[in-house]
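What follows is the residue order along each chain.
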Amino acid sequence: MIPVLTIDGPSGVGKGTVARVIAQKMGWHLLDSGAIYRAFALAVESRGIDITDERALEQIAQNLDLSFKTHKDSELVSVYLDGEDVSKTLRTEKTGAMASKIAAIGVVRTALLKRQQDFAVMPGLVADGRDMGTVVFKNASFKVYLTASSMQRANRRLKQLQAQGHQGIIAQILAEVEARDARDSSRKHAPLKPAKDALIIDTTELSLDEVIAQVSKLVKA
Ligand code: DC
């Protein structure tokens, strides 16, 4: 059996960083499922597809030309869509919001399911997203659900933006975080929620190292 660790949670909770560090520690593969939804949203936008056209969405999802490149000595992962490096555009809040809207459509999720499951190869996989433990890897060996107050997540996002030399308004970031939470949690298909057998970690008062220590302990146990 291929060991899989799923890390789900709302936007800005730090799933991506935790997943990357644990994958590196364990020498396992990494699936950033949000990047797949984000790239899909970019593909839909660049092709000018109407998001009510489910057949067209399904076709794009089935033929998505997407690849990931991990850099040896850094934590960075580059994402290529139709052969073009879209890593920067992928990370913007605009793309995140678009992805969140398109990800609520059932046919899109079904069409992208196998592509995600194919990441589970030896020696193991760390997968982060919204429905990794509840839908995509229901039988995963280890499941974690990270949570934190929306204010804390908005603050972390603001710091991240500032570190990249950008400006941000906390009230606006908080509103975006909460709007995305509401959409991802209330949708009909694979809503954001902890799997019944997930270890829930509230990271509001924890440092990154403390979160990593708790997750490492679970996997090693
Ligand atoms: O994790 P992220 O911010 O990169 O994800 C962007 C959006 O993609 C998120 O708001 C909802 C959607 N998504 C999803 O529906 N299911 C996943 N497993 C991952 C992301």
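Small disclaimer: the values here were computed from a predicted structure and weren't measured. Throughout this description, residue numbers start from 1 for each chain and increase along the sequence as written. With the structure being a predicted model, the display of local features is reserved for residues of pLDDT at least 70 and the display and counting of side-chain atom pairs for 80 or more, all residues being used for whole-chain, interface and lining totals. To get the side-chain values, take all heavy atoms of the structure and skip hydrogens and water.

**Focus on helix H8 (residues 150-163)**
Next up, step 1: With 14 residues, H8 should reach 20 Å at 1.5 Å per residue; the first-to-last C-alpha distance of 20 Å fits that figure.
Next up, step 2: Burial classification: accessible surface area is computed with a 1.4 Å probe over protein chains only, and a residue below 20% of its type maximum counts as buried, one above 50% as exposed, and the rest as partly exposed. Runs of H or I in DSSP of at least four residues are treated as helices and runs of E of at least two as strands, each being numbered from the N terminus. Buried within H8 we find Ser150, Arg153, Ala154, Leu158 and Leu161. Seen from one end, H8 has its buried residues packed into an arc of 140°, which puts them on one side. Away from the buried face of H8 by more than 90 degrees, exposed residues Lys159 and Ala163 are located.
Next up, step 3: By definition, residues are in contact when any of their heavy atoms lie within 4.5 Å. For H8, the elements touching its buried residues are helix H9 (170-186).
Next up, step 4: Glycine 165 lies just past H8 and shows a positive phi near 85°. Helix span is expected to be 1.5 Å times the residue number reduced by one. Directions pointing from the helix axis toward each C-beta atom define the arc.

**Focus: the packing of aromatic side chains**
Next up, step 1: Pairing of aromatic side chains requires ring centres within 6.5 Å, counting the rings of Phe and Tyr and the six-membered ring of Trp. Pairs whose planes differ by under 30 degrees are stacked, by over 60 edge-to-face, and all others tilted. Throughout the structure, instances matching the rule amount to two aromatic pairs.
Next up, step 2: Taken together, a centroid distance of 6.5 Å and an interplanar angle of 25° make the contact between tryptophan 28 and phenylalanine 142 stacked. Within this pair, whereas tryptophan 28 is found in the loop between helix H1 (15-26) and strand S2 (29-32), its partner phenylalanine 142 is found in strand S7 (residues 142-147), the two being separated by 114 residues in sequence. In this structure, tryptophan 28 and phenylalanine 142 share a single accessibility class: buried.
Next up, step 3: Here the aromatic rings of phenylalanine 68 and phenylalanine 119 are separated by 6.0 Å at their centres, their planes lie at 75°, and the arrangement is edge-to-face. Placement of phenylalanine 68 in strand S3 (residues 66-70) and of phenylalanine 119 in the loop between helix H6 (106-117) and strand S6 (125-129) is noted, with a sequence separation of 51 residues between them.
Next up, step 4: With relative accessibility at 30%, the residue phenylalanine 68 sits in the partly exposed group.
Next up, step 5: Judged by relative accessible area, phenylalanine 119 falls into the partly exposed class, the value being 22%.

**As for the pattern of salt bridges**
Next up, step 1: Between Lys or Arg on one side and Asp or Glu on the other, a salt bridge is scored when a side-chain nitrogen of the former is within 4 Å of a carboxyl oxygen of the latter. Per the stated rule, a full pass over the model turns up 10 salt bridges.
Next up, step 2: In this structure, arginine 91 engages aspartate 32 in a salt bridge whose closest nitrogen and oxygen atoms are separated by 2.8 Å. Of this pair, arginine 91 sits in the loop between helix H4 (87-90) and helix H5 (93-102) while aspartate 32 is found in strand S2, placing the two residues 59 residues apart along the sequence.
Next up, step 3: Residue class for arginine 91 comes out partly exposed when judged on its relative accessible area of 41%.
Next up, step 4: One continuous salt-bridge network, built from bridges that share partners, spans Arg130, Asp184 and Arg187.

**Description of the side chain of serine 33**
Next up, step 1: Tracing the backbone through its elements, the reader meets serine 33 in helix H2 (residues 33-46).
Next up, step 2: With a relative accessible area of 2%, serine 33 lands in the buried category.
Next up, step 3: Separated by 2.6 Å, the side chain of serine 33 and the backbone oxygen of aspartate 128 make a polar contact.
Next up, step 4: Setting aside residues up to four positions removed in sequence, serine 33 forms contacts with Gln116, Asp128, Gly129 and Met132. Contacts described as polar in this section are N or O atom pairs within 3.5 Å, which, within protein, must combine one atom able to donate a hydrogen with one able to accept it, while residues neighboring in sequence count only if both atoms come from side chains.

**Some words on the packing of helix H3 (residues 54-62) against H6**
Next up, step 1: Between H3 and H6, the least distance of the axes is 9 Å, while the angle of their chain directions is 10°. By the angle between their directions, the pair H3 and H6 is classed as roughly parallel. As H3 runs across H6, the sense of the crossing is right-handed. Facing Glu54, Leu57, Glu58, Ala61 and Gln62 of H3, the residues of H6 in contact are Val107, Val108, Ala111, Leu112 and Arg115.
Next up, step 2: Looking at the contact of H3 with H6 residue by residue, the classes come out as six nonpolar, one polar and three charged. Note on geometry: axes are lines fitted to C-alpha atoms, helical ones only across the stretch in contact, with angles between N-to-C directions running from 0 to 180 degrees. For classification purposes, angles smaller than 35 degrees are called roughly parallel, those larger than 145 roughly antiparallel, those between 65 and 115 roughly perpendicular, and all remaining angles oblique. With the far helix as reference, a near helix turned anticlockwise by less than a right angle produces a left-handed crossing, and one turned clockwise produces a right-handed crossing. Residue polarity is assigned by list, with Asp, Glu, Lys and Arg as charged and Ala, Val, Leu, Ile, Met, Phe, Trp, Tyr, Cys and Pro as nonpolar; anything else, Gly included, falls into the polar class.

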